[in-house]
Amino acid sequence: MKKEFDKTEEASTCPFNRRGFLKGIAAAGVLASIPAGILRAQAWERIQYEGEYDIFRNACPRNCYDTCSIKSYVRNNVLEFIEGAQESTFTDGALCVKGYAYPRRVYSPDRIKYPMRQIGRGTGNWKRISWDEAMTEIGEKILEMKKKDGSLLGMALDKYSGNFGITHYGVEGMMSSLGYTSRFVGTPCWPAGIDAQNFDMGNMWCNDPEDLVKAKFIIIWGGNPAWNSVHTMKFIYEAQERGAKLVVIDPLLTQTAAKADLYVRVKTSQDGVLALGMARHIVDKGLYNKEFVESYSKGFDDFVEYLKTSVTVEWAAEQSGVPAEAIRQIAEDYAKADPATIWVGYGLQRHVNGGVNVRAIDALAAMTGNVGKEGGGVRYGHLQTWGFNYNAMVQKQPEGSVGYLGKDKIVSEFTAEQEGGAEYADRTININKLAESILTTNDPPIRMLWVACKNPFAQDFDRPKLQKAFGTLEKVIVVDQFFNETVQNADIVLPTTTLFEEYTVNASYWHYWLSINEKAIPEQYEARSDLQIAAMLSKKMNELEAGSCTFPQIMDTKVWMEKEFNDGIYKLFGIRKWQDLRSGPQKAKLTSSAAWHEKKFATPSGKYEFSSDLAAEYGHTRLPEHKSRRKAYDAFRVLTPHTQFGLHSQFVNIDYMEDFNKEPFVYMHPAAARARKISDGDMVKVFNKVGSVTVKAKLTNTVAEDVLLMYEAWFKKANFNVQNLVDDESSDMGTFKTGAPGVAIHDQFADIAKA
Ligand code: SF4
């Protein structure tokens, strides 16, 4: 029987030990997935649980393709263990190793337990304070800024994807409820690809990943799902068992590549050239789909003209490093398979030519008639199941608020306008230029930064410049669970809840399942959810100055979760009320598993646009033409993709994860190492114009000779940060849909020497 959460009492002891954790994940089949993500449906035995538990529904809110549905087992208010929900055919009863470590994350001895003030930023001299003291200090600073500047534009929010629970948009709501503020907008992850798909098809929309089983030919291009979408791998394996061929195109020989029938090493950021070479061969052989290009597309003739005048397979081979014969073979196999699909990973669009590279790959799918087909498609992501109310986000500014009047203000359905007054807005700043913007924004300058659901020191670019920028801020507030590097650069840290300590609802940008997230245990120590913090701040602001904050002052996260549902969501998921999700996650009722199955596109022409006027309006070529890559400014290209054992800076710091991932390395090719007189295990210094990293070298021929590979992660004990080497160069696209271009994370260069 399920207990009412408000009758529970605090419990904060760790219910299991490291040995039990390892045993548990072995039983669930996760250890088997560690080398290459070999999750298969029903490949493990079910664990039998003894005793009575209160069972709750949760969802992994991390920025992960898989957004797993979780079943949580609680006894005496203690989260004893969790498992993947069996009702979801995507989660299919299993989590990844990070997911299974959640109970340890909840009960980690390193968790921030109370609000704390740092006496001297960066000193580590933290003093516990009460929530009232914290809110008073923050509230007084807000009022001081408003008095000094005449507006709250000196207060900035830096928030991203640390928790994708829908109610966490309440942080944006909290900012609006205080006044017009400065907002870091855009996304570091995927904006160039989003714009590319919007120019081509009018939206970003991908097939249901479960229909990969129907594909006859699969290309995974610039992605590594064996590490970061382990649940999708089972559908790919099933397709292979049914006879599909798997091709992986990547500059790195990843563990997904190790599972492929064919691995193709492409030169970094030359994916678009490779796609254009394939397209030219498909045209030469007359293998394109005449019905699709004639009935459902615009500008195909112009594209063919461009290919015939500017692209040859030999040129594509020279530029991409892929032999001409291989280009012809892959192109023919892909064009002849029915259906054939391409999964476009987020890595290949993190370049100065990333958006146009995605457009060239989209064009391959369209010209072969694979768009709109079950088992086909060009898969990038979707937001089809995110139609919530965003009630927590939509808050009105206090009367008389003064805001930004510049031309570049956000104009969206959430823009609140003063009745009869000036049309003020928030001041928007590119999220990928955090350091530069803090240093250069004036009238007023950014005085106070609120960081939530993000760890900019681990994820943002040009870390040395970021350090300098933080030095100019008058007040830094960070809401987090652990003392990471951003917290070390804060004045006040506010402890926040884990997913098991609040209500929210979670959708996926990849699959089509929806899960509620119930409060399974009481808030640990003095941790509070983002919504509860917003309510506390509102109460204090109104005590300090009546009417200075419009956010509700009483907060029940369950009530606020309920407010996010609407008839559209109920209809889409075939439920009558949100409580139906207590029996398990639900999948959207799809007419077809294929995106664009009616072949009615959301572009201005209603067709697939090989030639896009909208792209031209945003300063790009109409056609997906070749765009040169960033010029190298150092001896090696630096790649910093996601690690297997973490999500950005999350999870790697959990002590139990150290069993899998003890320390960071720089991976380099043995021949390149020989030339620098570096041996396996040597301490080396990797350095460039941005900064340097000192780390142990590991030699491997899974990387090309001109590549240095370091995984992005935050190790609690190691002084290691790849953002010491990554500048904030922009990618080509992103402004159209996300408000700011992406960042060319994988267009970085450095040299290396023995330390
Ligand atoms: S990190 Fe991803 S795969 Fe792992 S439990 Fe969370 S959603 Fe699932």
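Relevant structure appears above.
A brief structural summary. None of the values given here were measured: they were computed from a predicted structure.

## Observations concerning helix 9 (residues 230–241)
- Taking 1.5 Å per residue as the helical rise, helix 9 with its 12 residues ought to reach 16 Å, and the 17 Å between its terminal C-alpha atoms agrees with that figure.
- Within helix 9, the full set of buried residues consists of Val230, His231, Thr232, Met233, Lys234, Phe235, Ile236, Tyr237 and Ala239.
- Buried residues along helix 9 sit in contact with strand 8 (217–221), helix 8 (225–228), strand 9 (245–249) and strand 12 (340–344).
- One or two steps after helix 9, the chain reaches Gly243, where phi turns positive at roughly 110°.

## Details of the packing of helix 10 (residues 271–284) against helix 13 (residues 313–320)
- Viewed as axis vectors pointing N to C, helix 10 and helix 13 meet at an angle of 160°, and their least axial separation amounts to 8 Å. Regarding the angle of helix 10 to helix 13, the classification is roughly antiparallel. At the point where helix 10 passes helix 13, the crossing takes the left-handed sense. Of the residues in helix 13, those in contact with Val273, Leu274, Gly277, Arg280 and His281 of helix 10 are Val313, Trp315, Ala316, Gln319 and Ser320.
- A class-by-class count of the residues in the contact of helix 10 with helix 13 yields five nonpolar, four polar and one charged.

## A closer look at the sheet that holds strand 4 (residues 116–118)
- Read across the sheet, eight strands follow the order 5-4-17-16-15-6-7-14 without closing on themselves; strand pairing throughout is mixed. Each edge of the open sheet carries a strand with a single partner, namely strand 5 (126–128) and strand 14 (427–430). With direction set aside, neighbouring strand axes in the sheet form an average angle of 20°.
- Strand direction decides the pairing type here: strand 6 (residues 155–159) and strand 7 (residues 182–185), joined by two bridges, are parallel. Each residue of the ladder has a partner; that of Leu157, found in strand 7, is Arg183.
- Set on the sheet, helix 5 (residues 131–149) makes contact with strand 4, strand 6, strand 15 (448–452), strand 16 (475–480) and strand 17 (492–495); between it and strand 17 the angle comes to about 130°.
- In the packing of helix 6 (residues 170–178) onto the sheet, the strands contacted are strand 6, strand 7 and strand 15, and the crossing angle to strand 6 comes to about 170°.

## Describing the sheet that holds strand 2 (residues 69–75)
- One open sheet holds the three strands; their spatial order is 1-2-3, and the pairing between them is antiparallel. Of all strands in the sheet, those with a lone pairing partner are strand 1 (54–59) and strand 3 (78–84), marking the two edges. Neighbour to neighbour, the strand axes of the sheet diverge by 30° on average, direction disregarded.

## Details of the site of the ligand
- Every residue lining the ligand is accounted for by Cys60, Cys64, Asp66, Thr67, Cys68, Cys96, Lys98, Gly99, His231 and Leu647.
- Among the residues forming the shell around the ligand, the class breakdown is five nonpolar, three polar and two charged.

## Things to note about the packing of helix 10 against helix 15 (residues 354–367)
- Interaxial distance between helix 10 and helix 15 falls to 8 Å at its minimum, and their mutual angle equals 25°. As summarised for this structure, helix 10 and helix 15 are arranged roughly parallel, according to the angle between their axes. Helix 15 is crossed by helix 10, and the crossing has left-handed handedness. For the pair helix 10 and helix 15, contact is made by Asp271, Gly272, Ala275, Leu276, Met278, Ala279, Ile282 and Val283 and by Asn357, Ala360, Ile361, Leu364 and Met367, respectively.

What counts and what doesn't
Residues numbered from 1 in each chain as written. Predicted model: local features only at pLDDT ≥ 70, side-chain atom pairs only at ≥ 80, totals over all residues. Heavy atoms only, no water. Helix = DSSP H or I, 4+ residues; strand = E, 2+ residues; numbered from the N terminus. Expected span 1.5 Å × (residues − 1). Buried < 20%, exposed > 50% of the residue type's maximum accessible area, 1.4 Å probe, protein only. Contact = heavy atoms within 4.5 Å. Axes fitted to C-alpha atoms, helices over the stretch in contact; angles between N-to-C directions. Parallel < 35°, antiparallel > 145°, perpendicular 65-115°, else oblique. Left-handed = near helix turned anticlockwise from the far one by under 90°. Nonpolar A, V, L, I, M, F, W, Y, C, P; charged D, E, K, R; others polar. Pairing = 2+ DSSP bridges. Near = heavy atom within 4 Å.

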